[in-house]
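So the chains spell out like this:
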Amino acid sequence: MCIDDMSWTGVFPSNTFALVDHNRLLPQYEEGNPEAQVVSVVDHHEDEGLYTTSAKPRIVAAAGSCASHVAGLSPSRIPAELASLLLSAILIDTQGLKAGGKALQVDHEAAAFLLTKTSLSSSLSSTEPSPRSATLADNSADVKFVQNQTKELLERKVTVSHFTTRDLLRRDYKQYYLNLPWVNSKTAINAGLSTVPIDLKLWIPRDSKGFWSATKQWMDERELYVLGILTSFRHTNSGTGMQGKHKRQALWVVREGAEIYKASESTEDRSSMSTGESSKVNVDQLASRLWDGLEKSEVLQLKKSDFKKFSAREKDAGTLMRVRIYKQGNTDATRKTMAPIMRNILEEQADLEG
């Protein structure tokens, strides 16, 4: 069951939370919920330094896959089905523990442990490696299985032609709560990052009538004012069947309507604003700050793209949204790289006009 499958009104129906694959609780779960408490954190993203006393365990450490940290907390008698799920996640995230890739020692240790528990293959060794740090190289059958399983998983991962635009935006999505001190000390917005395994040159024309409306609907639904759509893909040569060079793109959308004061601020605080001050964040200033910061990033190596290359026009997005498309030069920079860059750009104190 996913959080989207739940429906509730008013206060979220729980006051204890365990965070997995992220390390900051979004504000909608704390609103009107004074006893809300994060009791555990298991993550591999940038550490925001929260819940240091309440969370036990609190694991925020580097890994190719967060599933490796979960596996490290698992008992030796882990159910075979759960072992298979965790192993599959590790193989997808690390491209089969690819040498020189994202996989770290913690990923190799977790995979070696899970291989003895999985129900996916009967060819694997039946004895648990001791210690858990045994490498896959200890068993050639394990290595062959990992290679075959990874190939099938990655093929299925990029089979998304039947997905709608909304499905593609939410299938691999993370949300962030960002403060905007350059607007006002009390201003904060929701921002989202969707990772999608399809070329925008194929995606936008395929859904030419619904792409922008579905994007706006998703932003409305999640109350987003910034959305980054990060594509990662390889084209296959129809003649040879060989996969081409790995490429990345980034489509950014900034939407009008973000409030200068959070909704929870009192009427008295709102009335204290000067007469000439707008109650909304200037969307052009927000977009300009984001574009400028992204384009200056030496890590991302972004190059602005013309909308015509995507069989689209900038005005197709409508008057309420500001949009920009980039080709990403550094294809090793994933969402884990993009998220802290976005946060640093938008949470920086200095005013653009200062």
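Conventions we followed
- Residues numbered from 1 in each chain as written.
- Predicted model: local features only at pLDDT ≥ 70, side-chain atom pairs only at ≥ 80, totals over all residues.
- Heavy atoms only, no water.
- Buried < 20%, exposed > 50% of the residue type's maximum accessible area, 1.4 Å probe, protein only.
- Helix = DSSP H or I, 4+ residues; strand = E, 2+ residues; numbered from the N terminus.
- Patch = residues over 30% accessible without salt bridge, like charges linked within 9 Å, V, L, I, M, F, W, Y side chains within 5 Å.
- Areas by Shrake-Rupley, 256 points an atom, 1.4 Å probe, with all protein chains shown as cover.
- Salt bridge = Lys/Arg side-chain N within 4 Å of Asp/Glu carboxyl O.
- Lys, Arg positive; Asp, Glu negative; His and termini not counted.
- Charge placed at Lys NZ, Arg CZ, Asp CG, Glu CD.
- Pairing = 2+ DSSP bridges.
- Axes fitted to C-alpha atoms, helices over the stretch in contact; angles between N-to-C directions.
- Contact = heavy atoms within 4.5 Å.
- Phe/Tyr/Trp six-rings, centres within 6.5 Å; stacked < 30°, edge-to-face > 60°.
- Lys NZ or Arg CZ within 6 Å of the ring centre and 35° of its normal.
- pLDDT = per-residue confidence, 0-100.

Colleague: What should I look at first to understand the pairing of strand 5 (residues 188-196) in this one?
Modeller: On a regular strand, one side chain projects to one face of the sheet and the next to the other, so that they alternate. Extensive coverage of strand 5 is indicated by the burial of 9 of its 9 residues. Alternating residues of strand 5 divide into A188, N190, G192, S194 and V196 and I189, A191, L193 and T195, and every residue in both groups is buried.

Colleague: Looking at this structure, how should I read a positive patch on the surface?
Modeller: On the surface, K201, K245, K247, K303, K309 and K327 cluster together to form a positively charged patch. On the secondary structure map, K309 appears in the loop between strand 8 (302-304) and strand 9 (321-328). Given the relative accessible area of 54%, K309 is considered exposed.

Colleague: Looking at this model, I keep getting lost on the sheet that holds strand 8. Mind explaining?
Modeller: Strand pairs in the sheet, formed through backbone hydrogen bonds, run parallel or antiparallel to each other. Spatially, the 6 strands line up as an open sheet ordered 4-5-6-7-9-8, and their pairing is mixed. Two strands in the sheet have a free side with no partner beyond their single neighbour: strand 4 (173-179) and strand 8. Within the sheet, the average angular offset between the axes of one strand and its neighbour, ignoring direction, is 25°. Here strand 6 (residues 224-233) pairs with strand 7 (residues 247-255) via 8 bridges, running antiparallel. Within strand 7, the residue paired with L230 across the bridge is A250. Strands strand 4, strand 5, strand 6, strand 7 and strand 9 of the sheet are contacted by helix 7 (residues 211-222), whose axis makes an angle of about 125° with strand 6. Relative to strand 4, helix 10 (residues 335-347) is tilted by about 20°, and along the sheet it contacts strand 4, strand 5, strand 6, strand 7 and strand 9.

Colleague: Even after reading the chapter, I still don't get the pattern of salt bridges, so can you show me in this structure?
Modeller: Where side chains of opposite charge bring their charged atoms close, a pairing between them can arise. Using the criterion set out here, one finds 16 salt bridges in the structure. Between K174 and D21 there is a salt bridge, and its shortest N-O distance comes to 3.3 Å. Pair noted here: K174 is in strand 4 and D21 is in the loop between strand 1 (16-20) and strand 2 (37-43), with a separation of 153 residues, a long-range link. On the basis of relative accessible area, D21 is assigned to the partly exposed category, the value being 24%. Between R166 and E221 there is a salt bridge; the shortest N-O distance is 2.8 Å. Placement of R166 in helix 5 (residues 165-171) and of E221 in helix 7 is noted, with a sequence separation of 55 residues between them. Of the residues examined, E221 reaches a relative accessible area of 40% and is grouped as partly exposed. What emerges from the salt-bridge pattern is a single network uniting R24, E48, R343 and E347.

Colleague: Can you walk me through the side chain of T195 in this structure?
Modeller: Assignment of secondary structure puts T195 in strand 5. By relative accessible area, which is 17% here, T195 ends up buried. Discounting residues that sit within four places of it in the chain, T195 has contacts with L168, R171, D172, L230 and R335.

Colleague: What am I meant to see in the packing of aromatic side chains here?
Modeller: How two aromatic rings sit relative to each other is given by the distance of their centres and the angle of their planes. Using the criterion set out here, one finds 9 aromatic pairs in the structure. When the ring of F12 is compared with that of Y29, the centres are 5.0 Å apart and the planes differ by 75°; the resulting orientation is edge-to-face. On the criterion of sequence distance, the pair formed by F12 in the segment before strand 1 and Y29 in the loop between strand 1 and strand 2 is long-range, its members being 17 residues apart. Chaining the aromatic ring pairs together yields one cluster made of W8, F12, F17 and Y29. The residue whose ring lies beneath R289 is W182, and the NZ or CZ to ring-centre distance is 4.2 Å.

Colleague: Could you clarify how one ought to interpret the pairing of strand 1 in this entry?
Modeller: Every second residue of strand 1 is oriented toward a common face, the buried set being F17 and L19 and the non-buried set T16, A18 and V20. Note that strand 1 and strand 2 share 5 bridges and pair parallel. Looking across to strand 2, one finds that T16 is bridged to Q37.

Colleague: What is the right way to look at the confidence of the model for the protein chain in this model?
Modeller: One rule of thumb: low pLDDT means the predicted coordinates there are not for detailed reading. Of all residues in the protein chain, 86% attain a pLDDT of 70 or more, and the chain-wide mean is 88. Contacts of residues 265-276 to residues separated by more than four positions or lying in other chains number 12 contacts, the stretch itself having pLDDT below 50.

Colleague: When you look at the environment of S40 in this model, what are you seeing that I'm missing?
Modeller: By the element assignment, S40 lies in strand 2. What makes S40 buried here is its relative accessible area of 15%. Measuring from C-alpha to C-alpha, the distance between S40 and F17 comes to 7.1 Å, with 23 residues separating the pair along the chain. Beyond its immediate sequence surroundings of up to four residues, S40 is in contact with F17, A18, L19, A55, K56 and P57.

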